[in-house]
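What the coordinates show
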Amino acid sequence: MKAKAVVIGSGIGGLLMASFLSKSGYDVTVFEKAPYIGGRCTNLNYRGFGLSTGAFHMIPHGADGPLAYLLNLLKANVQIVNSKPKGMILYKGKLFPYREGWKYLSFREKARAVKLLAEIKRNKLPVGEEAEMSGREWIREKIGGNEFVDLFIRSFLGWADSVLDVPARELAKEIKAALRWGGPGLIKGGCKALTGELARIVAENGGKILTRKKAVEVDVDSKKVITADGDELNYDVLISNAGIKETVELIGRDNFDRDYLKRVDSLKPSEGIKYNVALRGKPRIGNTVVFTLDTERINGYNEPSSLSPELAREGYTLIMLHHALQSRNIKAEQRKGIEDIYRIFPDFDKEGEILLVQTYLDENPVNRVASGQVVEEFPVENVYVVGDAYKGKGGIEIDGIALGVMKTLEKLGLGVFDEWYL
């Protein structure tokens with residue numbers, strides 16, 4: 001008789017786990033409360049454009065990162081195309097490939113930066129008190145008070161993590177990840193191509209994905225999940241992609257000790273605003289990401305329709321811009337973001353329009369747990385949490401979630417991934 005696995009939530013973490021479990025012989029059922037699968041990694045058809053619910057149709061480390069590796073193990077038919085160049089920078093009104101940024105450093109700053117990168121590559125990372133200090137302050141101490149460097153780090157963190165700073169050790173590990181696996185890449189067909197293929201793998205191996213099915217309680221004593229419509233399903237293994245705080249609530253706070261609850265309650269999400277913009281004409285920047293150093297709010301933007309023209313209406317290209325929230329005055333934040341769009345595209349009134357502004361906070365943050373926050377192992381037997389709360393250290397966005405999935409697969413005896421940990 002097959003072991004039963006229940007997966008709560010069909011985001012990237014949940015679908016990856018469901019795919020591996022179903023291929024490994026488990027009887028898999030996925031509960032998804034929404035009417036669609038994919039969570040914050042699927043496409044939203046809007047006015048002829050393929051917008052994304054959360055991600056930017058982009059993978060942080062492209063075809064060479066941990067997510068791509070897992071997809072290869074699954075033999076998933078997903079095409080990720082590495083960005084070329086890996087990134088660009090908008091600074092002092094000029095747009096240039098990221099490597100040209102070295103010219104804004106003095107000879108001494110370059111030498112110190114090269115030394116720091118070499119140390120990170122050799123795994124000489126911040127420890128002790130230094131590990132917990134501000135990442136941006138750590139960079140200033142290591143390289144010097146260079147405006148260009150600080151603005152670039154700020155832009156990178158705002159784009160990649162939806163925060164403007166992280167602890168020094170987390171930043172060092174993110175830099176290490178970029179040195180090891182390279183820069184980003186776009187998904188051919190957008191996020192839905194990825195989550196749709198994972199759903200296909202689950203179904204092909206006998207698994208079930210039930211949408212509009214909300215889990216409301218987990219009884220860990222009888223090992224069953226109860227749904228809002230009264231269904232009950234027993235499990236041998238439970239995977240939660242619903243968020244760590246939400247998983248604690250499903251199980252019941254009385255099942256956790258006070259210290260653990262205090263740590264969970266202290267976790268903060270990262271929050272941001274995404275602007276979906278249509279520009280008339282051909283692609284502008286191609287398959288890359290632009291880090292915006294000239295702007296007051298916008299941290300970066302990309303152009304997913306440069307790889308997948310079907311994501312844009314005919315005669316247009318799709319631009320996605322993003323910034324980390326700096327205040328809870330959402331109208332003011334959006335206003336400043338729109339002002340930045342006009343800085344980036346001076347003729348915006350003539351050549352473009354804002355399709356949709358998506359604000360991620362409260363119950364729908366960009367990430368339920370911001371990068372740099374450490375979450376201990378989930379202390380309930382046969383229950384595993386994946387997703388934003390269990391990103392691997394130094395793991396960015398979806399690739400970070402993939403690192404967390406690797407850890408979970410190891411615990412279940414479904415693989416060894418030591419070489420991927422930073």
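Structural notes, computed from the coordinates. (Residues numbered from 1 in each chain as written. Predicted model: local features only at pLDDT ≥ 70, side-chain atom pairs only at ≥ 80, totals over all residues. Heavy atoms only, no water.)

Along the backbone of the chain there are 13 helices and 20 strands. Compactness check: the chain gives a C-alpha radius of gyration of 21 Å against a globular reference of 22 Å for 422 residues, within 12% of the reference. Dimensions of the chain along its principal axes, counting C-alpha atoms only, are 65 × 55 × 40 Å. For the chain, contacts bridging at least 24 residues in sequence account for 72% of all contacts bridging at least 6. Approximately 18300 Å² of the chain is accessible, and the part contributed by carbon and sulfur atoms is 49%. With 60 positive and 56 negative side-chain charges, the chain shows a separation of 5 Å between the mean positions of the two kinds. (Helix = DSSP H or I, 4+ residues; strand = E, 2+ residues; numbered from the N terminus. Rg over C-alpha atoms; globule rule 2.2 N^0.38 Å. Contact = heavy atoms within 4.5 Å. Areas by Shrake-Rupley, 256 points an atom, 1.4 Å probe, with all protein chains shown as cover. Lys, Arg positive; Asp, Glu negative; His and termini not counted. Charge placed at Lys NZ, Arg CZ, Asp CG, Glu CD.)

Attention now goes to helix α11 (residues 330–344). Here α11 contains 15 residues, and its C-alpha end-to-end distance of 21 Å stays within 8% of the 21 Å for a straight helix at 1.5 Å per residue. Buried within α11 are the following residues: Ala332, Glu333, Gly337, Asp340, Ile341 and Ile344. (Expected span 1.5 Å × (residues − 1). Buried < 20%, exposed > 50% of the residue type's maximum accessible area, 1.4 Å probe, protein only.)

This brings us to the layout of surface pockets. As a volume, the second largest pocket reaches approximately 770 Å³. Lining the second largest pocket are 34 residues, with Val374, Val375, Lys391, Gly392 and Lys393 positioned closest to its centre. Counting only elements with at least two residues in the lining of the second largest pocket, the list comes to α4 (128–132), α7 (168–181), β20 (383–385) and α13 (397–411). Considering each element in turn, the lining of the second largest pocket owes the most residues, 5 residues, to α13. The residue inventory of the lining of the second largest pocket, partitioned by class, reads 15 nonpolar, 8 polar and 11 charged. (1 Å grid on protein atoms, 1.4 Å probe; cavity = no way out; pocket = protein on both sides within 12 Å on 5 of 7 lines; lining within 4 Å. Points joined across faces, edges and corners; volume = space filled by probe spheres on them. Nonpolar A, V, L, I, M, F, W, Y, C, P; charged D, E, K, R; others polar.)

Our next topic: empty space enclosed by the protein. Scanning the model with the defined rule gives 1 cavity of 30 Å³ or more in all. In this structure, the largest cavity encloses a volume near 50 Å³. Classifying every residue of the lining of the largest cavity gives 5 nonpolar, no polar and 2 charged.

Grouped together as the largest cluster of nonpolar side chains are 49 residues, with contacts concentrated most on Leu16, Leu70, Leu71 and Leu194. Elements that contribute at least two residues to this core include exactly β1 (4–8), α1 (12–23), β2 (27–31), α2 (66–73), α7, α8 (191–204), β14 (237–240) and α13. Aside from chain neighbours lying at most four places away, what touches Leu71 is Leu16, Ala76, Val78, Ile80, Leu194 and Leu198. Core analysis: the second largest hydrophobic core is formed by 43 residues, Phe56, Ile143, Phe148 and Leu311 among them. (Core = buried A, V, L, I, M, F, W, Y, C linked by side-chain atoms within 4.5 Å.)

Of note, Asp399 is situated in helix α13. Judged by its relative accessible area of 0%, Asp399 falls in the buried class. For the pair Asp399 and Ile12, spaced 387 residues apart in sequence, the C-alpha to C-alpha distance is 9.9 Å. Setting aside chain neighbours within four positions, we find Asp399 in contact with Ile59, Pro60, His61, Gly62, Gly65, Pro66 and Leu67.

The next subject is the packing of helix α3 (residues 107–121) against α7. For any two helices packed against each other, the geometry is given by the interaxial angle and the distance between the axes. Where α3 meets α7, the closest approach of the two axes is 9 Å, and the angle between their N-to-C directions is 85°. In terms of axis orientation, α3 runs roughly perpendicular to α7. Residues Leu117, Ile120 and Lys121 of α3 form the contact with α7, whose own contacting residues are Ala172, Ile175, Lys176 and Leu179. Taken together, the residues of the contact of α3 with α7 sort by class into 5 nonpolar, no polar and 2 charged. (Axes fitted to C-alpha atoms, helices over the stretch in contact; angles between N-to-C directions. Parallel < 35°, antiparallel > 145°, perpendicular 65-115°, else oblique.)

Bringing the pattern of salt bridges into the picture now. Scanning all chains against the criterion turns up 24 salt bridges. The residue Arg40 makes a salt bridge to Asp388 at a minimum N-O spacing of 2.2 Å. A residue pair is termed long-range when its members are at least 10 positions apart, and Arg40 in the loop between β2 and β3 (43–46) and Asp388 in the loop between β20 and α13 qualify at 348 residues. The class for Arg40 is partly exposed, based on a relative accessible area of 22%. A relative accessible area of 9% means that Asp388 is categorised as buried. Among the ionic pairs, Glu296 bridges to Lys336, the shortest N-O distance being 3.0 Å. (Salt bridge = Lys/Arg side-chain N within 4 Å of Asp/Glu carboxyl O.)

All right, on to the sheet that holds strand β6 (residues 80–82) then. Think of a sheet as strands paired side by side through backbone hydrogen bonds, with each pair either parallel or antiparallel. Here we have 3 strands laid out as an open sheet, ordered β5-β9-β6, and antiparallel in their pairing. The sheet is open, and its two edges are formed by β5 (58–59) and β6, each paired on a single side. Where β5 lies against strand β9 (residues 185–187), 2 bridges are found, and the strand directions are antiparallel. By the bridge assignment, Met58 is partnered in β9 with Leu186. (Pairing = 2+ DSSP bridges.)

On to the pairing of strand β4 (residues 49–52), then. Residues in a regular strand project their side chains so that they alternate between the two faces of the sheet. With burial as the criterion, each face of β4 is covered, one bearing Phe49 and Leu51 and the other bearing Gly50 and Ser52. For β3 and β4, the ladder comprises 4 bridges, and the chain directions are antiparallel. Residue pairing across strands places Asn45 opposite Gly50, the latter belonging to β4. Linkage of β3 to β4, two consecutive antiparallel strands, is achieved through a turn of 2 residues, within which Arg47 is found at a positive phi near 55°.

Here the focus is the side chain of Asp340. Its location among the elements puts Asp340 in helix α11. Once you skip the residues sitting within four places of it in the chain, Asp340 turns out to touch Thr295, Glu296, Arg297 and Ile298.

Between Lys84 and Pro85 the backbone carries a cis peptide bond, its omega angle lying at 0°. Within the chain, Asn123 stands out as a residue other than glycine whose phi angle is a positive 70°. As for its position among the elements, Asn123 is in the loop between α3 and α4. At Lys223, a residue that is not glycine, the phi angle is positive and equals roughly 55°. Among the structural elements, Lys223 can be located in the loop between β11 (215–219) and β12 (224–227). Judged by relative accessible area, Lys223 falls into the partly exposed class, the value being 26%.

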